Amino acid sequence: MVNLSRLTGNRDGRIFAKLEYLNPGFSKKDRPALQMITEAERSGKLSPGQTVVELTSGNTGTGLAIVCAIKGYPFVAVMSRGNSIERARMMRALGAEVVLVDQAPGSEPGKVSGEDLALVEAKTREIVEQRGAFRADQFRLSANVHAHEYYTAEEMWAQTEGRIDVFLDFAGSGGTFAGCARRLKAYNPEIRCYVVEPETAPYLAGLPVVDPNHKIQGGGYSMELPLLDRRLIDGFIRVSDEEAIAAARELARKEGIFAGFSSGANITAALRLLEGQERGKTIALTINDSGLKYLSTDLYE
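This text gives an overview of the structure that appears in the document.

How each quantity is defined
Residues numbered from 1 in each chain as written. Predicted model: local features only at pLDDT ≥ 70, side-chain atom pairs only at ≥ 80, totals over all residues. Heavy atoms only, no water. Buried < 20%, exposed > 50% of the residue type's maximum accessible area, 1.4 Å probe, protein only. Helix = DSSP H or I, 4+ residues; strand = E, 2+ residues; numbered from the N terminus. Pairing = 2+ DSSP bridges. Right-handed = clockwise from strand over helix to strand, strands pointing away. Contact = heavy atoms within 4.5 Å. Axes fitted to C-alpha atoms, helices over the stretch in contact; angles between N-to-C directions.

A short note on the pairing of strand β7 (residues 166–170)
Right, so step 1: Judged by how many residues are buried, β7 sits mostly within the fold: 5 of 5 residues are covered.
Right, so step 2: Residues V166, L168 and F170 point to one face of β7 and F167 and D169 to the other, with burial holding for every one of them.
Right, so step 3: Relative to strand β8 (residues 192–198), β7 runs parallel, the two sharing 5 bridges. If you follow F170 over to β8, its bridge partner there is V196.
Right, so step 4: Of the crossover connections in this fold, the one passing from β7 over helix α7 (residues 175–187) to the parallel β8 is right-handed.
Right, so step 5: Two strands pair when backbone bridges link them, and β7 and strand β10 (residues 282–287) are joined in this way by 2 bridges, in the parallel orientation.

Focus on the sheet that holds β7
Right, so step 1: Spatially, the 6 strands line up as an open sheet ordered β1-β2-β10-β7-β8-β9, and their pairing is mixed. Of all strands in the sheet, those with a lone pairing partner are β1 (2–3) and β9 (235–239), marking the two edges.
Right, so step 2: Across 2 bridges, β1 lies against strand β2 (residues 14–19) in antiparallel orientation. Across the sheet, residue N3 finds its bridge partner in β2, namely F16.
Right, so step 3: Taken strand by strand, α7 contacts β7, β8 and β10, and its axis lies near 170 degrees from that of β7.

Quick notes on helix α4 (residues 85–93)
An α-helix turns once per 3.6 residues; consequently, residues spaced three or four apart project the same way.
Right, so step 1: Buried within α4 we find E86, R87, A88 and M91.
Right, so step 2: Structurally, α4 contributes buried residues whose contacts are with α3 (59–71), β4 (75–80) and β5 (97–101).
Right, so step 3: Phi for G95, located one or two positions after α4, is positive at around 100 degrees.

Okay, structure coming up:
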């Protein structure tokens, strides 16, 4: 957990960033990957040697590839071609079978829309049925929320000694937000929790989706998220591609933290809150994954 004092500068308030890119698969998704497999084993839903399949933008798939390699489960990752190729290569290196799904007509390379994700979902279901596989469904399994409720949020609370006024997160599956918000509000109901979305696709906020094709990979799919408990949401923040990129680059230059698009979105949102309604407060957030996963994109040109 790092106090981003160089980034906040003279602003009134603090940002505590939890460096989830330091997990073995270089993202926060390692946590739900392990939790989903662990809970499935305990419940008997996953049998020894059974194939595990999941739809992924790359991070959950990487986490599952690691867990499955260690525990002896064959793993199939199903991913859109719109995601950065580094992720597919990393999953293959970890022993996963990677199935790449073509994007929907009209979709732009490097920008995964909800329509693209629907095609990946259809392919995922097909493979699960064909192979009699266990679906490690990050969008529906409560283990995703538990990973952050039982561990991420607890660590945040301990590492900041309870000095958190605000939590925010860019919504992917909704698991990080739901888990962290639930546990943090249990400690202090006055903590305010914000969902971050792409500027052009603020679907969860109930605003018009102007353009579902954005660069912030791993979320903003303009779809309902079953794990996202709306009772925990205190507000929504919209972030543009350009803002997310600029913040990620500034984070690298000023704090030595090399992160991806969604981390840049989180930083943008936090700085905006410190300049507005959360002036003087302490904001906690996660640095979701490593910038190494985006070297084929324009994030760090």
